[in-house]
Structure formats: C-alpha cells, structure tokens
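# Close look at the chain arrangement
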Amino acid sequence: MKFIDSHHDQWHRVLGEDGPKPDPDPAPHLLLSLEQWHAVRGHWPADLPTAVEVPNDYDVEGLAPDLPRLALIVLQFPKWVDGRAYSQARLLRSRYRFAGEIRATGEVLVDMVLLAARTGFDAVQLRADQSLEAAQRALSFFPGHYQGDTQQAKPHFAVQG
C-alpha cells in the first residue's frame, strides 16, 4: 500500500478562477474530474499518463471503455461511514481488470486501510489527522484472511498449499 502525501504528489488538478477548468489542455499527470474527462476524452492523447477522480455514487461501468487510457483512478470517501468506494474499487479490479493505480481520498482513516487493500486500492491519502505509522502497522495485523479478495480470489480453505 502506498501512502500519498498531498504536498509531494506527482498528480495535479487543472483549476481555473472558478474551480476546475472545463476543457483542460493535454499534459502528463493531470488529475481530471469526471466532468473534465468526459469533455476531453475524445481528443485526449492516448499516451499521456492521465488520472480521473470519480465520485462514490458513480457507476464505474461507465469508465470501462476508458480504463486502458487511465493510469490512476481516485475514488472518494466523502464520509468515513460511506463505503461505496470499496465496491467501486472491487469492481474495477475484479470485473474490469483495471491494472492501474486505485487511490482512496477524502475521509480515509487508519481503520480503513486494511479493507481498502483487500478491495483493490493500492494507494491511500489519509485524512490529515491520521497517523501514517499507525496505518502502516494496521496493514500487518492479520497475516491471512479466510475470505477471498482482489489479490486472492479463492477463500483460504480452497487455496492449494
């Protein structure tokens, strides 16, 4: 699991005077809103590393045709009690076989990192008041899991050892 420091992130948003620029010019490592992506995807160069930030109420099936062109998908946790982004990540990994980075942002707490890893996230941006050291420790609490997940689809009892 990669932990993102927002001050040293290679991905950056394209903002205008009043918020996200509606039709950004192509450049590498842009983090586009879903609206920006829909506005530019028809003429966006396929070889540019591009990221899209997706609201947690969006049906990720709508991104399926675009997945080969995306290097990063950012999924939002607007509240720590709203787990829809876990389902989005699981679908992106299991159903759509997205191989790029899936990042959790928003109200991401230490207690969430283990489930985030099991559902397909490979990067998180912790809420500012959360401890990086505690989050790293939380990933090692359980050496194995009985249920399957995105990394090992079969349940523990079905894996031939």
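An account of the accompanying structure is given in this report. (Residues numbered from 1 in each chain as written. Predicted model: local features only at pLDDT ≥ 70, side-chain atom pairs only at ≥ 80, totals over all residues. Heavy atoms only, no water.)

### What to know about the sheet that holds strand E2 (residues 12-13)
Condition: Should DSSP find at least two bridges between two strands, the strands are taken to pair. The helix and strand labels rest on DSSP assignments: H or I over at least four residues marks a helix, E over at least two residues marks a strand, and numbering proceeds from the N terminus.
A sheet is described by the order of its strands in space; here seven strands give the open sequence E1-E9-E8-E7-E6-E5-E2, paired in parallel fashion. With partners counted over all chains shown, the strands left at the sheet margins are strand E1 (2-3) and E2, one partner each. Pairing analysis gives four bridges linking strand E5 (residues 30-33) to strand E6 (residues 50-54), with the strands arranged parallel. Its bridge partner being in E6, Leu30 is matched across the sheet by Thr50.

### Some details on the environment of Thr105
This is how it is decided: Here the term buried applies to any residue with accessible area under 20% of the maximum for its type, exposed to any over 50%, and partly exposed to those in between, with areas from a 1.4 Å probe on protein chains only.
Relative to the helices and strands, Thr105 is located in strand E8 (residues 101-106). The class of Thr105 is buried, set by a relative accessible area of 10%. In the structure, Thr105 is positioned 30 residues away from Leu75 in sequence and 6.3 Å away in space, judged by C-alpha atoms.

### Structural notes on unusual backbone geometry
Its identity as a non-glycine residue notwithstanding, His29 has a phi of 60°, on the positive side. By the secondary structure assignment, His29 is in the loop between strand E4 (19-20) and E5. You can call His29 partly exposed: its relative accessible area is 23%. The phi torsion at Arg97 lies on the positive side, around 55°, for a residue other than glycine. Within the secondary structure, Arg97 is located in the loop between helix H2 (84-94) and E8. Take Arg97: its relative accessible area is 64%, and that puts it in the exposed class.

### Looking at the side chain of Gln88
Applied cut-off: Residues count as neighbours in contact if any of their non-hydrogen atoms are within 4.5 Å of one another.
As for its position among the elements, Gln88 is in helix H2. What makes Gln88 buried here is its relative accessible area of 4%. In this view, Gln88 contacts Val54, Pro55, Asn56, Asp57, Tyr58, Val60 and Leu75; residues no more than four positions away in its chain are not counted.

### Regarding the environment of Met112
With respect to the helices and strands, the residue Met112 is situated in the loop between E8 and helix H3 (113-119). Judged by its relative accessible area of 6%, Met112 falls in the buried class. Discounting chain neighbours no more than four positions away, the residues touching Met112 are Phe77, Trp80, Tyr86 and Glu107.

### Comments concerning the nonpolar core
Keep this limit in mind: Residues enter a nonpolar core if they are buried and are Ala, Val, Leu, Ile, Met, Phe, Trp, Tyr or Cys, with the set joined through side-chain atoms within 4.5 Å.
In terms of nonpolar packing, the biggest core is built from 36 residues, with Ile73, Leu75 and Phe121 touching the most fellow members. When residues of this core are traced back to their parent elements, those giving at least two are E5, helix H1 (34-40), E6, strand E7 (72-77), H2, E8, H3 and helix H4 (132-138). Ranked by residue count, the leading element in this core is H2, at four residues. Discounting residues that sit within four places of it in the chain, Phe121 has contacts with Met1, Leu75, Phe77, Ala85, Tyr86, Ala89, Ile102, Arg103, Ala104 and Ala116. Among the nonpolar cores identified, the runner-up in size contains five residues, and Trp11, Leu31, Ala51 and Val74 belong to it.

### Thoughts on the pattern of salt bridges
Using the following cut-off: A carboxyl oxygen of Asp or Glu within 4 Å of a side-chain nitrogen of Lys or Arg is what we treat as a salt bridge.
For the structure shown, the criterion picks out 10 salt bridges. Among the salt bridges present, the one from Asp82 reaches Arg84, with a minimum N-O distance of 2.7 Å. Using a relative accessible area of 15% as the deciding quantity, one classes Asp82 as buried. Through salt bridges with shared partners, a single ionic network connects Lys2, Asp9, Glu101 and Arg103.

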